[in-house]
Amino acid sequence: MKKIAVFCGSSLGFNEIYKNDAIKLGNHFIENNIGMVYGGGKIGMMGVLADTMLEKKGEVIGVIPGLLRHEEVAHTEITKMIVTKTMSKRKVKISKLVDGYIALPGGFGTLDEIFEALTLGQLGIERKPVGILNTNGFFNHLIKQLDVMVTEGYLKQSNKEMLIVSDSVDELCTLMLNYKAPIMTKVINKVVS
C-alpha cells in the first residue's frame, strides 16, 4: 500500500489516548513509506496526524471541498492540497488516490466516509481494505450495531467481515496489507429473499 486515506475528526476529543494513536499511525506511515490522503484540515485529529507526518517529511495530500476550505481551516503546509467542488467529488478523488482506508475516532463525516468505502467494497466496485483503529473501544457500539444488522438480515456476515478492526496500529496495518477482498458476483444478492 503506497497511499492510505485516513478519516478522522476535526476535534481531538476529551481523551489524550486518541491523539496519541493518531501520532502512532502517522509514525507508522513514515516508517513504512506510506503516503496519507485525508480531509485537508489542520485542526483536531486531522491536524495532529498531518503534522506528525510533515515533521518527518512524509507525503500528506489533502482533499477538501471548496465550501469547507475555510470552515475546516485548511492546512497550508501539506505536500499537496486538492480542492473539489462538492463533498461527493471529494470522495471520488480520494478513492482514485488510495490503496486502502482507515477510520480513527471522529463524527458524522468519519462514519459517512468509512461506510461509503465499505459500500464500494460490498458492491465490488473497489477491492481495497477498509480498517478501523478501535482506540479505547471507541467503535465498540458501532461494531455491535453491525452484528444486529447481520442478526436481523440486513447485512451478510461476509460483508461485515470486510471491515478490519484492531486497537493496534501495527496489527491493523498488517491485516490491511494482507487483506483479500471477497469474490463478488455481478448480481447483488439480498441477505433475505
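Definitions and cut-offs
Residues numbered from 1 in each chain as written. Predicted model: local features only at pLDDT ≥ 70, side-chain atom pairs only at ≥ 80, totals over all residues. Heavy atoms only, no water. Core = buried A, V, L, I, M, F, W, Y, C linked by side-chain atoms within 4.5 Å. Buried < 20%, exposed > 50% of the residue type's maximum accessible area, 1.4 Å probe, protein only. Helix = DSSP H or I, 4+ residues; strand = E, 2+ residues; numbered from the N terminus. Contact = heavy atoms within 4.5 Å. Polar contact = N/O pair within 3.5 Å; in protein donor to acceptor, adjacent residues only side chain to side chain. Salt bridge = Lys/Arg side-chain N within 4 Å of Asp/Glu carboxyl O. Axes fitted to C-alpha atoms, helices over the stretch in contact; angles between N-to-C directions. Left-handed = near helix turned anticlockwise from the far one by under 90°. Nonpolar A, V, L, I, M, F, W, Y, C, P; charged D, E, K, R; others polar. Phe/Tyr/Trp six-rings, centres within 6.5 Å; stacked < 30°, edge-to-face > 60°.

Colleague: For this particular structure, what's the right way to read the nonpolar core?
Modeller: Nonpolar side chains in soluble globular proteins tend to end up buried together. Formed by 51 residues in total, the largest nonpolar core has its most connected members in Leu25, Phe29, Met36, Tyr101, Ile102 and Leu104. It is helix 2 (residues 44–55) that provides the largest number of residues to this core, a total of 7 residues. Excluding residues within four positions of it along the chain, Met36 makes contact with Ile4, Val6, Phe29, Leu49, Ala50, Met53, Glu59, Val60 and Ile61.

Colleague: Would you mind going over the side chain of His75 with me for this structure?
Modeller: Within the secondary structure layout, His75 lies in the loop between strand 3 (60–65) and strand 4 (80–84). A distance of 2.7 Å separates polar atoms of two side chains, one belonging to His75 and the other to Asp51.

Colleague: Is there a simple way to think about the pattern of salt bridges in this case?
Modeller: Should the charged atoms of two oppositely charged side chains come close, the side chains can pair. Scanning the entire structure with this criterion turns up 7 salt bridges. Across the salt bridge formed by Lys24 and Asp21, the nearest N and O atoms sit 3.4 Å from each other. One end of the pair, Lys24, and the other, Asp21, are both in helix 1 (residues 16–31), 3 residues apart, so they sit about a helical turn from each other. Here Asp112 and Lys91 are joined by a salt bridge, their closest N and O atoms 2.7 Å apart.

Colleague: Sorry, what's going on with the packing of helix 1 against helix 2 here?
Modeller: A pair of packed helices is captured by two measures, namely the crossing angle of their axes and the spacing between those axes. Interaxial distance between helix 1 and helix 2 falls to 8 Å at its minimum, and their mutual angle equals 35°. Relative to helix 2, the crossing made by helix 1 is right-handed. Within the contact between the two elements, helix 1 uses Tyr18, Lys19, Ala22, Ile23, Leu25, Gly26, Asn27, Phe29 and Ile30 and helix 2 uses Met45, Val48, Leu49, Thr52 and Met53. Class assignment of the residues belonging to the contact of helix 1 with helix 2 gives a composition of 10 nonpolar, 3 polar and 1 charged.

Colleague: What's the story with the packing of aromatic side chains in this structure? I'm lost.
Modeller: Two aromatic rings, taken as a pair, are described by how far apart their centres are and by the angle between their planes. Counted under the stated rule, the structure contains 3 aromatic pairs. Note on Tyr18 and Phe138: the rings are 5.7 Å apart at their centroids and 75° apart in plane angle, and the pair reads as edge-to-face. Highlighted residues: Tyr18 in helix 1 and Phe138 in the loop between strand 6 (130–133) and helix 5 (140–151), separated in sequence by 120 residues. What makes Tyr18 buried here is its relative accessible area of 12%. Judged by its relative accessible area of 34%, Phe138 falls in the partly exposed class. The structure contains a cluster of three or more aromatic residues connected by ring pairs, namely Tyr18, Phe138 and Phe139.

Colleague: Teacher, can you tell me more about the environment of Thr76 here?
Modeller: Mapped onto the elements, Thr76 comes out in the loop between strand 3 and strand 4. The exposed category is assigned to Thr76, whose relative accessible area is 64%. Considering only alpha carbons, one finds Thr76 and Thr119, 43 residues apart in sequence, at a separation of 32 Å. Polar side-chain contacts of Thr76 include one of 3.3 Å to the side chain of Glu77.

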